[in-house]
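# Breakdown of the fold
Residues per chain, in single letters:
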Amino acid sequence: GEFVGPLLVAKQSRFEEDMTHKDRIKFHQVFCSTQMRAQQLAEAFNEKLALIPGVNPYSTPRIAFLDCSVFEIDIPGETPFGLLVEPMIDPAKYCKYNSNNGFVLGGQKQAP
């Protein structure tokens, strides 16, 4: 088939196996809500940052969080499940500094 729409990334918690379907959906909803609140705070921070004398608006990084959604997947004959979905970012323009499993760029893996 033909792919239509923006490229997205689906995320699932590594702790979901111990959750009910309802708890999984709630988990993603809370995570998404938290991420949206973080974006609001980042925007307020960036506005204050722009007011500081000497801050170069072209070279000073700004904080941003991706928009997210919760998708509920219902495949006939299988238990429904939820996924957190975000836009895929261009890997050529983004550097991943750490991950939830202990990866740290340029460092040693941390114990889980």
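Here is a short report on the structure shown in this document. The structure presented is a predicted model; accordingly, all values stated were derived computationally and were not measured.

Parameters at a glance
Residues numbered from 1 in each chain as written. Predicted model: local features only at pLDDT ≥ 70, side-chain atom pairs only at ≥ 80, totals over all residues. Heavy atoms only, no water. 1 Å grid on protein atoms, 1.4 Å probe; cavity = no way out; pocket = protein on both sides within 12 Å on 5 of 7 lines; lining within 4 Å. Points joined across faces, edges and corners; volume = space filled by probe spheres on them. Helix = DSSP H or I, 4+ residues; strand = E, 2+ residues; numbered from the N terminus. Nonpolar A, V, L, I, M, F, W, Y, C, P; charged D, E, K, R; others polar. Disulfide = S-S within 2.5 Å. Buried < 20%, exposed > 50% of the residue type's maximum accessible area, 1.4 Å probe, protein only.

### What to know about the layout of surface pockets
Empty space within the largest pocket amounts to approximately 1,100 Å³. As for the largest pocket, its lining consists of 27 residues, of which Lys11, Phe31, Glu86, Lys96 and Asn100 are closest to the centre. Elements with a minimum of two residues in the lining of the largest pocket: β1 (8-11), α1 (21-50) and β3 (81-87). For the lining of the largest pocket, the element with the most residues is α1, which contributes 4 residues. Of the residues that constitute the lining of the largest pocket, the class distribution is 15 nonpolar, 7 polar and 5 charged.

### Structural notes on the state of the cysteines
Across all of its chains, the model carries 1 disulfide by this definition. Between the sulfur atoms of Cys32 and its disulfide partner Cys68 the distance amounts to 2.4 Å. Torsion about the S-S bond of the Cys32 and Cys68 cystine: about 120°, corresponding to right-handed handedness. Pair noted here: Cys32 is in helix α1 and Cys68 is in the loop between α1 and β2 (69-73), with a separation of 36 residues, a long-range link. Overall, the relative accessible area of 10% leaves Cys68 in the buried class.

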